[in-house]
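Observations on the model geometry
One letter stands for each residue in the lines below.
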Amino acid sequence: FTKLKLDETKIIFKLLDEKIAADVLVELDGDIKEQLLSHLSSREIAEQVLDHMASDDAADLLGELSEHLQSEVISQIEDPEQAKNLVDLLTYREDTAGSLMTKELIKVQPDWNVLKCVREMRKQAENVGSVYAIYVVDEHGKFLGLLSLKKLLIAPAESLVEDIYKRDVISVRTTTKVAEVSQIMQKYNFAALPVIDESGHLLGRITIDDVVDAIREEDTEDVQKMGGMQELEESYMNSSIMEVIKKSVGWLIVLLIGESFTATAMGFFED
């Protein structure tokens, strides 16, 4: 998309399947994304884009829109639970676990037997992109622990969840800083981490790819600040080509090195 003219980009984007188009939109740079969205109505954004995104990606996209357009798009969402989830996610600070988490996950209750557990999981799994863990909650939604897929598969059909799930599981709160979330996931080699509120209710989960993306964006912003990019943006039109090169080359080299570390981390968690 970055090598195409705007008119060509619009045509190709409209030809894509809605699910693929939504996935593509998540990965696009801000300017191209903004241009494509500007040619969609609030209803089209709600139905053709947000409906095919995980809640965290959908909330990120909404956050890039003006407050007026946010309200219009949210009003076009037919599923009230989806609309509520997105509104909730928009309230969290950018550098916290709440801003990274996705609402889609699989929950079971301790008094269910394995057979009921599997039936309920099949229903919930339709909206979950990747299943890293099964979360056990009580009837009020309070987080109790994790149920491994292996134990679920080998347990007799009449076994109760409360007899086979793991208690005392590490979790983070919505206010936990992203840096701390990253340290926990790295230390314990977690692929996903449950997010709870102050009362212990399960609100969502954070996956390793979300953390890697957040760190990569933060590193890029830090390097730009170190390299004087904010000043460069303000004085760009008044600067000579040599001044632009001198201000840019240093942070570009540092950013290249940082991206190599990011690629290594992503490769480590690829499986």
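Above: the structure in question.
Residues numbered from 1 in each chain as written. Predicted model: local features only at pLDDT ≥ 70, side-chain atom pairs only at ≥ 80, totals over all residues. Heavy atoms only, no water.

**Things to note about the sheet that holds strand β5 (residues 192-196)**
- One open sheet accounts for three strands, arranged β4-β5-β6; its pairing is mixed. Only two strands of the sheet have a single neighbouring strand rather than two, namely β4 (172-173) and β6 (202-207).
- Summarising the sheet, β5 and β6 pair through five bridges and their orientation is antiparallel. Counterpart to I196 in the pairing with β6 is L202.
- Of the strands in this sheet, β4, β5 and β6 are in contact with helix α11 (residues 178-188), which crosses β5 at around 135°. (Pairing = 2+ DSSP bridges. Helix = DSSP H or I, 4+ residues; strand = E, 2+ residues; numbered from the N terminus. Contact = heavy atoms within 4.5 Å. Axes fitted to C-alpha atoms, helices over the stretch in contact; angles between N-to-C directions.)

**Quick look at the sheet that holds strand β2 (residues 134-137)**
- The three strands are arranged β1-β2-β3 in an open sheet whose pairing can be described as mixed. The open sheet is flanked by β1 (107-108) and β3 (143-147), the only strands paired with a single partner.

**What to know about the packing of helix α4 (residues 42-49) against helix α6 (residues 67-75)**
- At a closest axis distance of 8 Å, the pairing of α4 and α6 adopts a crossing angle of 55°. Relative to α6, α4 is oriented oblique. Crossing handedness for the pair α4 and α6: right-handed. Here S42, I45 and A46 of α4 come into contact with α6, specifically with L69, E72 and V73.
- The class makeup of the residues in the contact of α4 with α6 is four nonpolar, one polar and one charged. (Parallel < 35°, antiparallel > 145°, perpendicular 65-115°, else oblique. Left-handed = near helix turned anticlockwise from the far one by under 90°. Nonpolar A, V, L, I, M, F, W, Y, C, P; charged D, E, K, R; others polar.)

**Side note on the pattern of salt bridges**
- Inspection of the entire model under this criterion finds eight salt bridges.
- In this structure, the salt-bridge partner of E64 is K33, at a minimum N-O distance of 3.4 Å. Highlighted residues: E64 in the loop between α5 (55-63) and α6 and K33 in helix α3 (residues 30-37), separated in sequence by 31 residues.
- By sharing partners, the salt bridges in this structure join R93, D95 and K177 into a single network. (Salt bridge = Lys/Arg side-chain N within 4 Å of Asp/Glu carboxyl O.)

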